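Here are the chains, one letter per residue:
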Amino acid sequence: MRVLVVDDEKRLARSLRAGLVAEGFAVDVAHDGVDGLWLARENRYDVIVLDLMLPGVNGYQVCATLRAEKDWTPILMLTAKDGEWDQVEGLDTGADDYLTKPYSFPVLLARLRAIARRGARERPTQLEAGDLRLDPAARRVWRGDTEIELTAREFSLLDFLARHRDDVVSKRQILDAVWDADFDGDPNIVEVYVRHLRNKIDRPFGREAIRTVRGAGYRLGGDGG
């Protein structure tokens, strides 16, 4: 397995490289985002181990750039940034896994092998249904060139529907995914928010992307209506 390690902590990078080589990996190392991005473009890797706080170009930018270029090489973010929103941003940017420093080397190995087994599958950083486009990391939505303002709950509902576009999803599935797990209010709240979404992403544009499937739930058409 060929691995690219991008980390500006040179001692840690040397130690990580030595451990991976001892396990039979072929390892290239870069100490800044510019060199890491160049190596990732020039060579084919099974996995990229990517720090976030890098000189030149940070890890988020490296990951986002590769995904924008349709490079789906699995990426494990390895960083001292352990905040939950750091992890959310890393995964939304297109990373496959996130591990904080200090880390367990056996756990790192297991995670590398796991994401390598999954392979380089397409994981777009934006979701699209026709001319309806969502950026989950930035929480922004466009219909064509027109940006649409949504509340946090409206965005979460649209994000869920977009990730299951062309599938019928039930009210119960929507409640479990978009509302808190212990939500015990009126399930018809889903109908209210679906109506809000239609009034923002469909009706002003003469579209009907969100369809009601009687007795079953809702479906967001992959063609965007």
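Residues numbered from 1 in each chain as written. Predicted model: local features only at pLDDT ≥ 70, side-chain atom pairs only at ≥ 80, totals over all residues. Heavy atoms only, no water.

For tyrosine 45, the position within the fold is in the loop between α2 (33-42) and β3 (47-50). Residue classification places tyrosine 45 among the buried positions, given a relative accessible area of 5%. Taking the C-alpha atoms as reference points, tyrosine 45 and alanine 80, 35 residues apart in sequence, are found 24 Å from one another. Separated by 2.6 Å, the side chains of tyrosine 45 and aspartate 28 make a polar contact. Polar contacts involving the side chain of tyrosine 45 include one to the side chain of asparagine 43, which spans 3.3 Å. (Helix = DSSP H or I, 4+ residues; strand = E, 2+ residues; numbered from the N terminus. Buried < 20%, exposed > 50% of the residue type's maximum accessible area, 1.4 Å probe, protein only. Polar contact = N/O pair within 3.5 Å; in protein donor to acceptor, adjacent residues only side chain to side chain.)

Glycine aside, residues mostly have negative phi, and peptide bonds are mostly found in the trans state. In this chain, lysine 101 is followed by proline 102 through a cis amide linkage whose omega measures -5°. Tracing the backbone shows proline 102 in the loop between β5 (97-100) and α5 (105-118). Residue lysine 70 is not a glycine yet carries a positive backbone phi of 65°. Its relative accessible area of 57% is what places lysine 70 among the exposed residues. Of note, the phi angle at aspartate 166 is positive, near 75°, even though the residue is not glycine.

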